[in-house]
Amino acid sequence: MTSPRAEATAATRAGLVEAATALFAERGFAETSIDDVAAVAGMTKGAVYHHFAGKAALFEAVFSAQEAEVHARLSAALDDAGDHLAGAHAALTTFLEACTEPTYGRIVFRDGPLALGWERWRECELDYAYAFIARVLDGLAREGHLRRPPGASYPTLVLGMLSSAGQLLGQAPPAQHAALRAELLGFFDQVIAGMTGR
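Small disclaimer: the values here were computed from a predicted structure and weren't measured.

Draft legend 1. The arrangement of the pattern of salt bridges in detail. A complete count under the given rule lists eight salt bridges for this structure. In this structure, the salt-bridge partner of E101 is R73, at a minimum N-O distance of 2.7 Å. With E101 in the loop between α5 (84-99) and α6 (102-110) and R73 in helix α4 (residues 55-80), this residue pair connects regions lying 28 residues apart in the sequence. For R106, the salt bridge goes to D111, with nearest N and O atoms at 3.7 Å. Each member of the pair, R106 as well as D111, carries the same accessibility label: buried. In the salt-bridge network here, residues are joined through shared partners; they are E60, R120 and E123.

Spelled out as structure tokens, the structure:
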């Protein structure tokens, strides 16, 4: 059983992440301070530093929560499809839609590289996306959809394209999201067609 102290600690941390998420999404990483987060969370600045080493560590916790939530949606889209080809299309559509959402798009793709540093951001992206992409490619190969077996480099190459698409959507004005999302979906449809011959 979880102790009352552990439950209180988890609740405090969750409250700080929730407050920081709202602020980072609205103002961005650069314009949000630890004092701002403490004020919105109704806590002291010391409480923030008790749970996080600094703003970057707090941002990474927010980033991780966003990635976990969206990847759960991607997994659901894949699992609910009739096969991996349909699942790949469904997951791709879900991902591109998520990138136009103010919270996910800004935190993960607009501010992520700045707040975490390029190398750490890439590590985080690999941690969350590599296994899922490999799962999709393996499923496509197992079901006979691919023209040739996926190479070891394929997940990294696909991740690079998806990350670039995410950055384009995350940085684009909302008025451009629909057209850009459709353009990117068309591009990836061609990539999938080239790999599958369909």
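Draft legend 2. Structural context of the nonpolar core. Ranked by size, the top nonpolar core spans 54 residues in total, and within it F24, L58, F59, F63, F95 and Y104 carry the most contacts. If we ignore the near neighbours within four places in the chain, the residues touching Y104 are Q66, E67, V70, F95, A98, C99 and F109.

Draft legend 3. Up close: the side chain of R106. With respect to the helices and strands, the residue R106 is situated in helix α6. Taking relative accessible area as the criterion, R106 reaches 17% and is therefore assigned buried. A polar side-chain atom of R106 sits 3.1 Å from the main-chain carbonyl oxygen of R27.

Draft legend 4. Just empty space enclosed by the protein, in detail. Per the stated rule, a full pass over the model turns up one cavity of 30 Å³ or more. For the largest cavity, the calculated volume is near 430 Å³. Together, 27 residues line the largest cavity, and L92, I133, V136, V158 and L162 are the ones closest to its centre. At the level of elements, α4, α5, α6, α8 (118-142), α9 (154-171) and α10 (177-196) are the ones that each hand at least two residues to the lining of the largest cavity. Looking at the lining of the largest cavity element by element, the count peaks at seven residues for α8. The residue inventory of the lining of the largest cavity, partitioned by class, reads 22 nonpolar, three polar and two charged.

Definitions and limits used
Residues numbered from 1 in each chain as written. Predicted model: local features only at pLDDT ≥ 70, side-chain atom pairs only at ≥ 80, totals over all residues. Heavy atoms only, no water. Salt bridge = Lys/Arg side-chain N within 4 Å of Asp/Glu carboxyl O. Helix = DSSP H or I, 4+ residues; strand = E, 2+ residues; numbered from the N terminus. Buried < 20%, exposed > 50% of the residue type's maximum accessible area, 1.4 Å probe, protein only. Core = buried A, V, L, I, M, F, W, Y, C linked by side-chain atoms within 4.5 Å. Contact = heavy atoms within 4.5 Å. Polar contact = N/O pair within 3.5 Å; in protein donor to acceptor, adjacent residues only side chain to side chain. 1 Å grid on protein atoms, 1.4 Å probe; cavity = no way out; pocket = protein on both sides within 12 Å on 5 of 7 lines; lining within 4 Å. Points joined across faces, edges and corners; volume = space filled by probe spheres on them. Nonpolar A, V, L, I, M, F, W, Y, C, P; charged D, E, K, R; others polar.

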